[in-house]
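Structure at a glance
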Amino acid sequence: MAKEGAQRAEETEQMIEKEGGREAAEGGAAGSLRAGDAKEMRAVVLSAFGGLNKLRVSKKAMPEPQEGELKIRVKACGLNFIDLMVRQGNIDNPPKTPLVPGFECSGIVEALGDSVKGFEIGDRVMAFVNYNAWAEVVCTPVEFVYKIPDDMSFSEAAAFPMNFVTAYMMLFEVANLREGMSVLVHSAGGGVGQAVAQLCSTIPNVTVFGTASSFKHEAIKNSVTHLFDRNADYVQEVKRISTDGVDIVLDCLCGENTGKGLSLLKPLGTYILYGSSNMVTGETKSFFSFAKSWWQVEKVNPIKLYEENKVIAGFSLLNLLFKQNRGGLIKTVMDKLLNLYNSKKIKPVVDSLWALEEVKEAMQRIHDRGNIGKLILDVEKAPTPLMANDSTETSEAGEEEEDHEGDNENKERMPFIQ
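Predicted, not measured: the structure shown is a model, and the values here were computed from it.

Further remarks concern the sheet that holds strand S10 (residues 226–229). By way of backbone hydrogen bonds, the strands of a sheet pair with one another, either parallel or antiparallel. Here 6 strands make up an open sheet; going across it, the order is S10-S9-S8-S11-S12-S13 and the pairing parallel. Each edge of the open sheet carries a strand with a single partner, namely S10 and strand S13 (311–314). Strand-to-strand twist in this sheet, taken as the mean axis angle between neighbours without regard to direction, amounts to 15°. Across 4 bridges, strand S8 (residues 182–185) lies against strand S9 (residues 207–212) in parallel orientation. Counterpart to serine 182 in the pairing with S9 is threonine 207. Across the sheet, helix H6 (residues 191–200) lies against S8, S9 and strand S11 (246–251), angled at about 170° from S8, the strand it touches most. Relative to S10, helix H8 (residues 234–241) is tilted by about 155°, and along the sheet it contacts S8, S9, S10 and S11.

Here you go:
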């Protein structure tokens with residue numbers, strides 16, 4: 001492992017020079033963009049809130065670091081369900097479009113802003129970004145950047161921050177997970193679900209109940225103690241195994257699952273809502289789906305919580321980072337997580353790699369709940385020609401180019417498994 005780390009470090013020292021000297025022919029359409037103005041870069045641009053046809057790979061001006069920021073040459077970006085909600089405008093106070101989506105990435109430090117300490121040009125890093133992550137270059141404050149272990153790949157690093165910090169904060173900071181407790185997690189095959197399962201395994205005698213689509217069960221059956229089909233009556237299944245319920249419920253679905261989760265809590269148990277994927281039922285924002293999910297949420301009576309000794313909580317990592325200024329707390333959590341990684345106790349699960357031009361297909365895979373682990377945009381990956389033509393034709397102005405109706409009906413979406 002030490003030999004691999006030394007080789008990776010040696011390769012890193014040459015990466016920035018290679019990036020600048022790479023001939024256009026090596027990257028196809030991507031190379032032709034790099035061959036132009038060095039101050040420009042490729043980025044995924046969301047022209048307006050709506051469906052997949054609002055996404056295009058475009059040329060944009062390359063950012064430069066301000067005081068306290070790092071400039072990162074991006075190698076990989078993480079895709080999360082929140083990115084689907086952003087695309088639809090299905091979030092509180094969405095930013096104005098056009099915008100570059102994405103909240104996490106990994107890459108190489110290319111420049112340092114004034115007063116930046118602790119990093120050097122050439123460092124391999126992963127970072128949180130307040131939008132703009134799906135691009136060849138990003139700039140972000142130094143407090144949101146973390147060095148990558150020598151034996152962690154760029155794709156693994158892009159799969160690490162959002163999923164593992166979210167899972168760790170909910171389990172240990174909010175719910176105070178301890179030996180002998182039990183946890184119910186929905187979407188157990190997803191990035192956060194797999195992170196939850198791994199972190200639970202670091203504590204003795206923790207029982208993990210998980211729900212997931214049936215076709216994922218064979219792949220993830222060893223990561224949880226009890227696995228149920230996401231469409232089954234999991235409340236009765238859990239109570240059949242544990243008559244008094246569970247200690248922690250982690251809910252990324254919302255809607256009717258809120259009441260079900262609360263009903264499963266033991267006394268002194270904690271229910272945590274950290275997403276609302278049930279509100280995303282189609283390609284575009286649906287008022288009907290939003291309203292249905294909202295009305296299915298059981299109205300919480302504080303007196304009932306008091307009488308039953310139950311705790312209800314919410315968790316949003318992005319708000320904690322970018323609105324509530326808790327970067328220092330997240331840094332402490334990341335240090336603990338990296339120690340667990342270096343001890344071989346946790347490891348990010350990467351579902352598949354996609355080129356920037358394949359972002360539509362990658363998003364559809366998340367929407368269809370087809371992924372096991374994290375989907376990654378690999379900035380250096382050449383797109384499959386079928387996907388490049390169908391998905392994100394490069395637009396220099398970043399303007400919307402409507403898809404022709406029926407073009408996608410018979411075209412296969414192919415995952416790129418690492």
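It is worth spelling out the pairing of strand S1 (residues 40–46) at this point. Burial analysis of S1 places 6 of its 7 residues in the buried class, which makes it a mostly covered element. The pairing of S1 with strand S2 (residues 55–61) spans 7 bridges and is classified as antiparallel. If you follow leucine 46 over to S2, its bridge partner there is leucine 55.

So, about empty space enclosed by the protein. Counted under the stated rule, the structure contains 2 cavities of 30 Å³ or more. Here the largest cavity is characterised by a volume of approximately 70 Å³. His186, Ser187, Thr211, Ala212, Ser213, Lys216, Arg230, Leu253 and Arg369 together form the lining of the largest cavity. Taken together, the residues of the lining of the largest cavity break down into 2 nonpolar, 4 polar and 3 charged. Taken as a whole, the second largest cavity encloses approximately 50 Å³ of empty space. Taken together, the elements giving at least two residues each to the lining of the second largest cavity come down to helix H5 (161–174) and H6.

How each quantity is defined
Residues numbered from 1 in each chain as written. Predicted model: local features only at pLDDT ≥ 70, side-chain atom pairs only at ≥ 80, totals over all residues. Heavy atoms only, no water. Pairing = 2+ DSSP bridges. Helix = DSSP H or I, 4+ residues; strand = E, 2+ residues; numbered from the N terminus. Axes fitted to C-alpha atoms, helices over the stretch in contact; angles between N-to-C directions. Contact = heavy atoms within 4.5 Å. Buried < 20%, exposed > 50% of the residue type's maximum accessible area, 1.4 Å probe, protein only. 1 Å grid on protein atoms, 1.4 Å probe; cavity = no way out; pocket = protein on both sides within 12 Å on 5 of 7 lines; lining within 4 Å. Points joined across faces, edges and corners; volume = space filled by probe spheres on them. Nonpolar A, V, L, I, M, F, W, Y, C, P; charged D, E, K, R; others polar.

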